[in-house]
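# Coordinate inspection notes
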Amino acid sequence: WVKTARAAGMKYVVLTTKHHDGFCLWNTRFTDYNIMNTPFHRDATQELAAACKRRGLVFCAYHSICDWRHPDYPLGSPGGKTEKPNPNLDRYSDYLKHQLDELLGNYGPLGILWFDGEWEKPWTAERGVELYHHLLSRQPSLIINNRISKARNEMAGTSQAGQFSGDYDTPEQQVGKFQNDRPWESCITLCNQWAWKPDDPMKSLQQCLRTLIQCACGDGNLLLNVGPMPTGEIEPRQVQRLQEMGAWLKKNGASIYATRGGPFKPGAWGGSTHRGRSIYLHIFDWPGDKLILPPIDKKIMRASLLTGGQVQVRQTAEGITLTVPPQYRRTIDTLVELQLNEPASQIAPVAIGK
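Anyway, here's the lowdown on the structure attached to this text. Not measured: the values here are computed from a predicted model.

What counts and what doesn't
- Residues numbered from 1 in each chain as written.
- Predicted model: local features only at pLDDT ≥ 70, side-chain atom pairs only at ≥ 80, totals over all residues.
- Heavy atoms only, no water.
- Helix = DSSP H or I, 4+ residues; strand = E, 2+ residues; numbered from the N terminus.
- Buried < 20%, exposed > 50% of the residue type's maximum accessible area, 1.4 Å probe, protein only.
- Core = buried A, V, L, I, M, F, W, Y, C linked by side-chain atoms within 4.5 Å.
- Pairing = 2+ DSSP bridges.
- Axes fitted to C-alpha atoms, helices over the stretch in contact; angles between N-to-C directions.
- Phe/Tyr/Trp six-rings, centres within 6.5 Å; stacked < 30°, edge-to-face > 60°.
- Lys NZ or Arg CZ within 6 Å of the ring centre and 35° of its normal.
- Expected span 1.5 Å × (residues − 1).
- Contact = heavy atoms within 4.5 Å.
- Salt bridge = Lys/Arg side-chain N within 4 Å of Asp/Glu carboxyl O.

### Concerning unusual backbone geometry
- Note that the residue after S77, namely P78, is joined by a cis bond; omega there is 0 degrees.
- Residue G108 is joined to P109 through a cis peptide bond whose omega torsion reads 0 degrees.
- Note on placement: P109 falls in the loop between α3 (89-107) and β5 (112-116).
- Of note, H41 is a non-glycine position whose phi angle comes to about 50 degrees, a positive value.
- Taking relative accessible area as the criterion, H41 reaches 48% and is therefore assigned partly exposed.
- Positive phi values are uncommon outside glycine, yet E154 reaches one of about 45 degrees.
- Tracing the chain through its elements places E154 in the loop between β6 (143-144) and β7 (185-189).

### Topic: the nonpolar core
- Formed by 40 residues in total, the largest nonpolar core has its most connected members in F59, L100, L110, L113, F115, L131 and L135.
- Counting residues per element, the ones that place at least two in this core are α1 (2-7), β1 (12-18), α2 (44-55), β2 (58-64), α3, β5 and α4 (125-138).
- Per-element tally for this core: the top contributor is α3, with 8 residues.
- Listed in part, the 21 residues of the second largest apolar core include F264, I283, I296 and L305.

### Considerations on the sheet that holds strand β15 (residues 319-323)
- An order of β12-β15-β14 is seen for the 3 strands of this open sheet, with the pairing classed as antiparallel. Whereas interior strands pair on both sides, the edge strands pair on one side only; in this sheet they are β12 (291-293) and β14 (312-316). Between one strand axis and the next, the sheet turns by 15 degrees as a mean value, whatever way the strands run.
- Direction of pairing for β12 relative to β15: antiparallel, over a ladder of 3 bridges.

### What about the packing of aromatic side chains?
- Going through the model one piece at a time under the given rule, you end up with 5 aromatic pairs.
- Here F23 and Y33 contribute two aromatic rings whose centre-to-centre distance is 5.2 Å and whose plane-to-plane angle is 85 degrees, an arrangement assigned as edge-to-face. In this pair, F23 sits in the loop between β1 and α2 while Y33 sits in the loop between β1 and α2, placing the two residues 10 residues apart along the sequence.
- Arranged with centres 4.9 Å apart and planes meeting at 75 degrees, the rings of Y132 and F164 form a pair that is edge-to-face. Linking Y132 in helix α4 with F164 in the loop between β6 and β7, this pair joins segments that are 32 residues apart in sequence.
- Classification of Y132 as buried rests on a relative accessible area of 10%.
- With a relative accessible area of 27%, F164 lands in the partly exposed category.
- A cation sits over an aromatic face here: K11 above Y257, 4.5 Å from the ring centre.
- A cation over a ring is seen here: R69 above Y33, with NZ or CZ 3.8 Å from the ring centre.

### Thoughts on the pairing of β14
- Of the strand pairs in this sheet, β14 and β15 are connected by 5 bridges, and their pairing is antiparallel. When the bridges of β15 are listed, T316 appears paired with G319.
- Joining the antiparallel neighbours β14 and β15 is a turn of 2 residues.

### Considering α3
- Compared with the 27 Å implied by 1.5 Å per residue over 19 residues, the 26 Å span of α3 between its first and last C-alpha is a close match.
- When we look at burial in α3, the residues that qualify are L89, Y92, S93, Y95, L96, K97, Q99, L100, E102, L103, L104 and Y107.
- Structurally, α3 contributes buried residues whose contacts are with β1, α2, β2, β5 and α4.

### What to know about the pattern of salt bridges
- Under the criterion given, the structure shown has 14 salt bridges.
- Taking the shortest distance from any N to any O, the salt bridge between D101 and R138 comes out at 3.6 Å. Within this pair, whereas D101 is found in helix α3, its partner R138 is found in helix α4, the two being separated by 37 residues in sequence.
- For R147, the salt bridge identified is with D116, shortest N-O distance 3.1 Å.

Dropping the structure here:
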């Protein structure tokens, strides 16, 4: 798994340690409903954490707040639609903390704790705040998503203003909107389903790369979901797609890694990222023979077509005009680097027409 993640150009891995049905993928001492009591009888969480450490990836954990199997959690299967006879949410909250302490203590330090299942009625914002501070007391460096509390705007994933909402937003199955004042990460599946299923339609390389690029241009991250097969292996066609993404990143990763979104906001035309004195223009669709960008108060010192070929750039007080001959335009992404005389971060983000 980790070799595949590295080949894809990923920097961190988030494992589903417990989903809504309560099954635990580690050697927990707080319930027998875990992977050690299966024929597999191996601690997959420990093995993955160790593999990440060996190969320089940050190990993170997904963990469901709701637990439809645990007797103390008020709701149960199917889908949290039944009520249990004698629930005790205070006792369940202690169980939740004990298990999370196990993950932090035995498999950490973790990069992220990625919560889910907070939408159900029993969980409250107050319990989310309490759990958040409890976890930071155990690992101050921990990053925690906004689903620990009750502030998420459904699948858009943005947090409601003025409400406690963890450290970052979580758009689901969609690219987040441009937002550079609060971190965000889109969680999107490589196929249609979160879990593996036979013949599940898989996204094309263009869809995958443009999703990644759009996230970076919007000043966010991409959490790309891959569901292993029942054998524990990642499906070969999915491995190939991930390797193709990694091959693109080997050539063009400077325009993605350690960049910020903007200053030209994403649109149908594409988007931009920046780092230092460089602006990286990711051009998907040309509105005509030329692409016209709004003016900026920095001088363009040099322009390069990083995907190969020639680009002409003309800068005036009215705007920036880019021309790339058709033979040098790329189907997935035509990538232009503009080198400025001053840092690109000093330019206020601006939208363009198309």
